[in-house]
Amino acid sequence: MAFPNRPDAPELPDFSMLKRLARDQLIYLLEQLPGKKDLFIEADLMSPLDRIASVSILKQHEVDKLYKVENKPVLSSSEQLCFLVRPRIKNMRYIANLVNADKLAGRTRKYKVIFSPQKFYACEMVLEEEGIYGGCVSLNVSGNRWAFPQKVEHAPSTGRLMVSVPTDVSCDEWAFSLLPLDVDLLSMELPEFFRDYFLEGDQRWINTVAQALHLLSTLYGPFPHCYGIGRCAKMSHELWRNLEEEEDGETKGRKPEIGHIFLLDRDVDFVTALCSQVVYEGLVDDTFRIKCGSVDFGPEVTSSEKSLKVLLNAEDKVFHEIRNEHFSNVFGFLSQKARNLQAQYDRRRGMDIKQMKNFVSQELKGLKQEHRLLSLHIGACESIMKKKTKQDFQELIKTEHALLEGFSIRDSTSYIEEHIDRQVSPIESLRLMCLLSITENGLIPKDYRSLKTQYLQSYGPEHLLTFSNLRRAGLLTEQAPGDTLTAVESKVSKLVTDKAAGKITDAFSSLAKRSNFRAISKKLNLIPRVDGEYDLKVPRDMAYVFSGAYVPLSCRVIEQVLERRSWQGLDEVLRLLNCSELAFTGGTKDDKAPSESLRLILVVFLGGCTFSEISALRFLGREKGYRFIFLTTAVTNSARLMEAMSEVKA
């Protein structure tokens, strides 16, 4: 259990500095509104804020009361209101309605909006249109005479009056985009990134990613070697490099602490994110939903009437030892741990007064803490077992493995149909359909129509738009007739040169969103060949995170690039991934980089990463003497992925 790091493994940088910077910046912004104030916080910023600044710290800086931003009247009596929100149009409407309601009531207050992690021009425009933020408002006066306290800028012949509006609201931004969830895990806490970019094509968060990478290189030195794959990765890299060039002096001469950085788009590897997780941390996330590094364990786990919020990180010694383990090994470890703990308690018998005093003062508190954590994780395991038994988990895993290996596809399709007919879960059924589609390079038209019809009849026609979303994102597609693209391409190639025809062929392939999973799997040996049974207690490769059936594609790509120190020799893989033009190599080419830093690797997942991928790369690091650091737009899993694509909210 909890394989130790190799003795030559490098030390991780101290990321607590990121928390201090974020806290100091927030305090500075709050102090710009002197005196007592009420703070309104958007729901999905509450958990990250809790990790950065406690309520007592906010109170020290004259925050009187805390409120949640929600669509209902404000009961605050404070003369100063501060809003901590994401840059969303609906939030601007909420604030504008509140300010205008105060105006109608004849009430004067000061308002401050703090956007996190950045403000967007569209948000300021909404506030301007509502007449509560600087700029000019155009009024149609139609020849009537009006008295305005505002300054008239100009009155064009159109009969419209341009009036300068006094600013009721001040705006600022809290550039908080890096939250350390653990010693090796940083999150931007932007779950909307996946839908915004990979479905809507909205590129607004790319600047946030570039700013986050720039901050890391400023604090921890330049990155000598940089690799990336995917359209979003390429754009983020280019924007980040522009920022680096503008402020070249900040990192010049600094020794790098991190030797390699990888940027990966989530759509390079959808398969891994769609698979059921079987490492302990992944199962806890799938079952209880880990949010911002903590989990709410209900009465079924705590064995009491109350729920308990538990922080899951390396400081929890029990969790640290089992987090990356295959679930089949966890119960045995916890049982042994319980016996060892009991043996330590039993040592009290036969102690004299002095020994007992030392035991109570030095060991008892630690043993009680360990006992509490052990009880919680045993309760969590029991709860997981009950829930997974209800879902017939073994049959589900067997079907997934058959899809990954390309065996018994008809049986797997029948299993998915049964899943839909039994109305097990709309999200779970969608996930299985997507996994079937990607591993088979799209569903044959007959199966696509049949599964779609059964799904809509079982769960309701309101899911129709969800199918459109999944198709656009390339998650659930229908196979085109085999000769369609070839016929079009052959006609085009007669009209243009061979070189141009090749580019047009690539464009058609891109439009078809082919996954080519089978060919990639064979090329990278993602399905391990095992003689006999795979030993999950002593794993031999990263496939253990999926019970020995499959090596995560994203992790294998990173392993291959690290071995080659470039994309050389992976041309065929890049072509199959439809990323021939979207893989890049860069960096500072710093030959003075300390050898220790070259074994520290930052992996940036754009669109979310799973705990299975984190566990797999931690295993690779232990085997090869690397230490991996993870930066993700948000931690994700198959359910979150499907929910992001769904138009029907649970």
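Please read these numbers as outputs of a predicted model, since none were measured by experiment.

## A few points about the packing of helix 16 (residues 409-421) against helix 17 (residues 426-439)
Interaxial distance between helix 16 and helix 17 falls to 9 Å at its minimum, and their mutual angle equals 160 degrees. By the angle between their axes, helix 16 is roughly antiparallel relative to helix 17. In terms of crossing hand, the pair formed by helix 16 and helix 17 is left-handed. Where helix 16 abuts helix 17, its residues Ile 409, Thr 413, Tyr 415, Ile 416, His 419 and Ile 420 lie against Glu 428, Ser 429, Leu 432, Met 433 and Leu 436.

## Things to note about the nonpolar core
One finds Phe 83, Trp 174, Leu 216, Tyr 280, Leu 475 and Phe 628 to be the most contacted residues of the largest nonpolar core, which totals 189 residues. Broken down by element, this core gets its largest block of residues, eight residues, from helix 7 (residues 206-220). For Trp 174, the contacting residues outside a window of four places in its chain are Ala 22, Gln 25, Leu 26, Leu 29, Leu 49, Ile 52, Leu 84, Ile 114, Phe 115, Ser 116 and Pro 117.

## Focus on empty space enclosed by the protein
Tallying each qualifying case throughout the model produces three cavities of 30 Å³ or more. Here the largest cavity is characterised by a volume of approximately 50 Å³. Every residue along the wall of the largest cavity is listed here: Cys 275, Ser 276, Val 278, Ile 397, Glu 400, His 401, Leu 404, Phe 546 and Ser 547.

## A short note on the packing of aromatic side chains
This structure, assessed with the given rule, holds 22 aromatic pairs. Ring geometry for Phe 517 against Tyr 550: centres 6.1 Å apart, planes inclined by 55 degrees, an arrangement best described as tilted. Taken together, the residues span a long stretch of sequence, with Phe 517 in helix 22 (residues 517-524) and Tyr 550 in the loop between helix 22 and helix 23 (553-564) at a distance of 33 residues. The burial state of Phe 517 is the same as that of Tyr 550; both residues are buried. Centroid distance Phe 628 to Phe 630: 6.4 Å. Interplanar angle 20 degrees. Geometry classified as stacked. Each of the two residues, Phe 628 as well as Phe 630, counts as buried. Between the NZ or CZ atom of Arg 241 and the centre of the ring of Trp 240, over which it lies, the distance is 4.4 Å. Residue placement shows Arg 540 over the ring face of Tyr 534; its charged tip is 5.4 Å from the ring centre.

## Re the pattern of salt bridges
Pairing of side chains with opposite charge becomes possible as their charged atoms draw close. Going through the model one piece at a time under the given rule, you end up with 33 salt bridges. Between Arg 88 and Glu 42 there is a salt bridge, and its shortest N-O distance comes to 2.4 Å. Of the two residues, Arg 88 is situated in the loop between strand 3 (80-85) and helix 4 (89-104) and Glu 42 in the loop between strand 1 (37-41) and helix 2 (43-52); the sequence distance between them amounts to 46 residues. Residue Arg 88 is classed as buried on the basis of its relative accessible area of 18%. Taking the shortest distance from any N to any O, the salt bridge between Arg 195 and Glu 647 comes out at 2.6 Å. Pair noted here: Arg 195 is in helix 6 (residues 192-198) and Glu 647 is in the segment after helix 26 (638-645), with a separation of 452 residues, a long-range link. By relative accessible area, Arg 195 is classed as buried at 19%. Salt bridges sharing partners connect three or more residues here, namely Asp 182, Asp 184, Glu 281, Arg 323 and Arg 618.

Cut-offs and rules
- Residues numbered from 1 in each chain as written.
- Predicted model: local features only at pLDDT ≥ 70, side-chain atom pairs only at ≥ 80, totals over all residues.
- Heavy atoms only, no water.
- Axes fitted to C-alpha atoms, helices over the stretch in contact; angles between N-to-C directions.
- Helix = DSSP H or I, 4+ residues; strand = E, 2+ residues; numbered from the N terminus.
- Parallel < 35°, antiparallel > 145°, perpendicular 65-115°, else oblique.
- Left-handed = near helix turned anticlockwise from the far one by under 90°.
- Contact = heavy atoms within 4.5 Å.
- Core = buried A, V, L, I, M, F, W, Y, C linked by side-chain atoms within 4.5 Å.
- Buried < 20%, exposed > 50% of the residue type's maximum accessible area, 1.4 Å probe, protein only.
- 1 Å grid on protein atoms, 1.4 Å probe; cavity = no way out; pocket = protein on both sides within 12 Å on 5 of 7 lines; lining within 4 Å.
- Points joined across faces, edges and corners; volume = space filled by probe spheres on them.
- Phe/Tyr/Trp six-rings, centres within 6.5 Å; stacked < 30°, edge-to-face > 60°.
- Lys NZ or Arg CZ within 6 Å of the ring centre and 35° of its normal.
- Salt bridge = Lys/Arg side-chain N within 4 Å of Asp/Glu carboxyl O.

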